[in-house]
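Given next are the chains, with one letter for each unit.
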Amino acid sequence: MTVQRTEGADEALRELLLSRIHDVPDYPKPGVVFKDITPLLADAEAFTALTDAFAALCERHRVDKIVGLEARGFILAAPVAVRAGIGFVPVRKAGKLPGATLRQGYELEYGTAEIEIHAEALGRGERVLVIDDVLATGGTAEASLQLIRRAGAEVAGVAVLMELGFLDGRARLADALGGAPLEALIRV
């Protein structure tokens, strides 16, 4: 695994986080190396350090609310919202939220998908940070940025635990970010 330095995380934090992320070869299919973050979540020191790093980004970017992407993004974003003293809004797969929602479709390598947020979850002009575990191809993150803007809120940025640089999600997000930062604590 090659690790590149990225803005927003110091070397000690990166090493701690990396030491708790396990590679699982051939999962979910042959040839794929899955990055398992469950050991990180089970380690109080590492999970707290990750939460603190994301909460510092909220302060730096003057964030009003956090959007967490289904499903591991929920696990990471909710404690950050509590730590930062701001609201948390889940972005779910289509059909999982009750009541009025905003829905956004997007392209996958193997088809299409849709995500939703509650229609009234974000206020006009609120600064919103998207948090997820991994940035891969960027499709879900890009769709979430479109939802945030459709709701009338502003994109404060995207923060991920790990960016899989070889999948080029950063390039896909460049236009959708509109100048907002993409912060990856680890880039492989």
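Refer to the structure above for everything that follows.
Residues numbered from 1 in each chain as written. Predicted model: local features only at pLDDT ≥ 70, side-chain atom pairs only at ≥ 80, totals over all residues. Heavy atoms only, no water.

**Q** Requested: an account of the sheet that holds strand β8 (residues 154-163), with residues and values cited.
**A** An order of β5-β6-β4-β3-β7-β8-β9 is seen for the seven strands of this open sheet, with the pairing classed as mixed. The two strands at the open ends of the sheet, each matched to only one other strand, are β5 (101-108) and β9 (182-187). Recorded for the sheet is a direction-independent mean angle of 20° between the axes of neighbouring strands. In this sheet, strand β6 (residues 111-118) lies alongside strand β4 (residues 87-93) in antiparallel orientation, the contact comprising two bridges. Paired with arginine 92 across the two strands is glutamate 116, which belongs to β6. Each of β8 and β9 is contacted by helix α1 (residues 11-19), which is oriented at about 65° to β9, the strand it contacts most. (Pairing = 2+ DSSP bridges. Helix = DSSP H or I, 4+ residues; strand = E, 2+ residues; numbered from the N terminus. Axes fitted to C-alpha atoms, helices over the stretch in contact; angles between N-to-C directions. Contact = heavy atoms within 4.5 Å.)

**Q** Can you explain helix α4 (residues 72-84)? Please cite residues and give values.
**A** End to end, α4 covers 19 Å across 13 residues, agreeing with the expected 18 Å (1.5 Å per residue, within 8%). Buried within α4 we find Gly73, Leu76, Ala77, Val80 and Ala81. Across the axial projection of α4, the buried residues extend over an arc of 130°, all falling on one side. On the buried face of α4, the contacting elements are α2 (38-42), α3 (44-60), β3 (65-69), β4, β7 (127-135) and β8. A positive backbone phi angle near 70° is found at glycine 85, which sits one or two residues after α4. (Expected span 1.5 Å × (residues − 1). Buried < 20%, exposed > 50% of the residue type's maximum accessible area, 1.4 Å probe, protein only. Arc of directions from axis to C-beta.)

**Q** Account for the packing of aromatic side chains, naming residues and giving values.
**A** A ring pair, where both rings are aromatic, is described by two values, the distance of the centres and the angle of the planes. Tallied over the entire structure, the rule returns two aromatic pairs. With a centroid separation of 5.3 Å and an interplanar angle of 80°, the aromatic rings of tyrosine 27 and phenylalanine 34 are classed as edge-to-face. Exposure remark for tyrosine 27: the relative accessible area of 45% places this residue in the partly exposed category. A ring pair is formed by phenylalanine 74 and phenylalanine 88, whose centres lie 6.2 Å apart and whose planes are at 85°; its orientation type is edge-to-face. Remark: phenylalanine 88 occurs in strand β4 and phenylalanine 74 occurs in helix α4; sequence separation between them is 14 residues. (Phe/Tyr/Trp six-rings, centres within 6.5 Å; stacked < 30°, edge-to-face > 60°.)

**Q** How would you sum up the pairing of β6? Please name residues and give values.
**A** The sheet contact formed by β5 and β6 spans eight bridges and is antiparallel. For threonine 101, the partnering residue across the bridge sits in β6 and is histidine 118. Counting the residues that bridge the hairpin from β5 to β6 gives two residues.

**Q** With reference to specific residues and values, describe α3.
**A** For α3, with 17 residues, the first-to-last C-alpha span of 24 Å sits near the 24 Å given by 1.5 Å per residue. For α3, the full list of buried residues reads Ala46, Phe47, Leu50, Thr51, Ala53, Phe54, Ala55, Leu57 and Cys58. The N-cap residue of α3 is aspartate 43: its side-chain oxygen and the backbone nitrogen of glutamate 45 are 3.1 Å apart. Phi for arginine 62, located one or two positions after α3, is positive at around 50°. (Polar contact = N/O pair within 3.5 Å; in protein donor to acceptor, adjacent residues only side chain to side chain.)

**Q** Go over the packing of α3 against α4 with me, naming the residues and quoting the values.
**A** For the pair α3 and α4, interaxial distance at closest approach is 9 Å and the crossing angle is 60°. Considering only the axes of α3 and α4, their crossing is right-handed. Contacts from Phe47, Thr48, Leu50, Thr51, Asp52, Phe54, Ala55 and Cys58 of α3 reach α4 at Ile75, Leu76, Pro79, Val80, Arg83 and Ala84. (Left-handed = near helix turned anticlockwise from the far one by under 90°.)

**Q** Hey, could you go over the pattern of salt bridges for me, with residue numbers and the actual values?
**A** One pass over the structure, following the stated rule, counts 14 salt bridges. One salt bridge connects arginine 14 with glutamate 11, and the closest N-O pair in it is separated by 3.1 Å. Of this pair, arginine 14 and glutamate 11 both sit in helix α1, three residues apart, which is roughly one turn of the helix. Under the relative-accessibility criterion, arginine 14 is labelled buried at 2%. For glutamate 114, the salt bridge identified is with arginine 103, shortest N-O distance 3.3 Å. (Salt bridge = Lys/Arg side-chain N within 4 Å of Asp/Glu carboxyl O.)

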